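# What the coordinates show
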Amino acid sequence: MTAPSLRGQVFLGAAAVILLTALSLVAVGVVGSVVNPGGPGFLSRTRCVAPNLPGPVVSVSLTNMGGPMMGRPHGMMDGAMRMTANRSAVAHGTVSFLVTNGGTISHELVILRLPDNQIPGTRPIGGDAKIDESGSLGEASNTCADGAGQGILPGASGWVTVTLPPGRYELICNLPGHYAAGMYTQLTVN
Ligand SMILES: [Cu+2]
């Protein structure tokens, strides 16, 4: 009877296949959402781990209530989107932003100077439902990565490191309609 040892080998083989399959699924889950940031993917929420970021780190949270996924085509305009930072002031020089999207749709962070006497949230909105972001000092709009991309997916983070002189800044999300819906906050650089 060779059956016991044969069975053992078959069992070990099957276990190895299952383990390898599980590992490849994990790899596909992590890489797939980055390779195809705009696609539906099979993971509804993407998670990622940021590297150690230089300088003081401003943690920014992006959220929205409802929105298109709740069956309201114009939900993005209903004023229920928020951008909050864990600090309102930071020392000048190298500053990093770690931006986490806790909402149900993609968002981003764009860093703009806030001119003297201008109130956050009052920039003129163009015909494309966006504001003029020329002169941006940097942005975090990449899923699980640094810098500019196609938006940070729900549940995921993006990050960026910039050099900021002293002054007032407005942090905004400039996806169409999001600034008007409330996605802005002020940061003072001392
Ligand atoms: Cu947004």
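The present account deals with the structure reproduced in this document.

Here is what the cut-offs are and how they apply
Every chain is numbered on its own, with residues counted from 1 as its sequence reads. Given that this is a predicted model, residues contribute local features only at a pLDDT of at least 70 and side-chain atom pairs are listed and counted only at 80 or more, while totals for whole chains, interfaces and linings are drawn from all residues. Only hydrogens and water are set aside when side-chain values are computed; all heavy atoms of the structure are taken into account. Helix and strand definitions here come from DSSP, where helices need a minimum of 4 consecutive H or I residues and strands a minimum of 2 consecutive E residues; each element is numbered from the N-terminal end. For Phe, Tyr and Trp, rings pair up if their centres lie within 6.5 Å, where Trp contributes its six-membered ring, and each pair is then called stacked (planes under 30 degrees apart), edge-to-face (over 60) or tilted (otherwise). Per-residue accessibility, obtained with a 1.4 Å probe over protein chains only, is compared with the maximum for each type, and a residue is labelled buried under 20%, exposed over 50%, and partly exposed between these values. Remark: nonpolar core denotes a set of buried residues (Ala, Val, Leu, Ile, Met, Phe, Trp, Tyr, Cys) joined through side-chain atoms within 4.5 Å. Definition of a polar contact: a pair of N or O atoms within 3.5 Å, with one able to donate and the other able to accept a hydrogen when the atoms are protein atoms, and with sequence-neighbouring residues admitted only if both atoms are side-chain atoms. Working rule for contacts: check all heavy atoms of both residues, and any pair within 4.5 Å makes them a contact.

### Things to note about unusual backbone geometry
Phi at Ala129 is positive, roughly 65°, even though this residue is not glycine. Here Ala129 lies in the loop between strand S5 (109–113) and strand S6 (138–140). Although it is not a glycine, Cys144 sits at a positive phi angle of roughly 60°. Inspection of the secondary structure puts Cys144 in the loop between S6 and strand S7 (157–164).

### Structural notes on the packing of aromatic side chains
Within the structure shown, the criterion is met by 1 aromatic pair. The interplanar angle of 50° and the centroid separation of 5.3 Å between the aromatic rings of Tyr179 and Tyr184 together place this pair among those described as tilted. Here Tyr184 falls in the partly exposed class, since its relative accessible area comes to 29%.

### Looking at the nonpolar core
Grouped together as the largest cluster of nonpolar side chains are 28 residues, with contacts concentrated most on Val60, Phe97, Val99, Leu109, Ile111, Leu164 and Leu171. Of all elements in the fold, only strand S1 (57–64), strand S2 (81–85), strand S4 (93–101), S5, S7, strand S8 (167–172) and strand S9 (184–189) reach the threshold of two or more residues within this core. Ranked by size, the runner-up nonpolar core spans 5 residues in total, among them Val110, Leu112, Ile172 and Tyr179.

### Topic: the side chain of Ser141
As for its position among the elements, Ser141 is in the loop between S6 and S7. Look at Ser141 and you get buried, because its relative accessible area is 0%. Among the polar contacts listed, one links the side chain of Ser141 to the side chain of Glu139, at a separation of 2.7 Å. In contact with Ser141, not counting residues within four places along its chain, are Glu108, Gly147, Ala148, Gly149, Gln150, Gly151 and Ile152.

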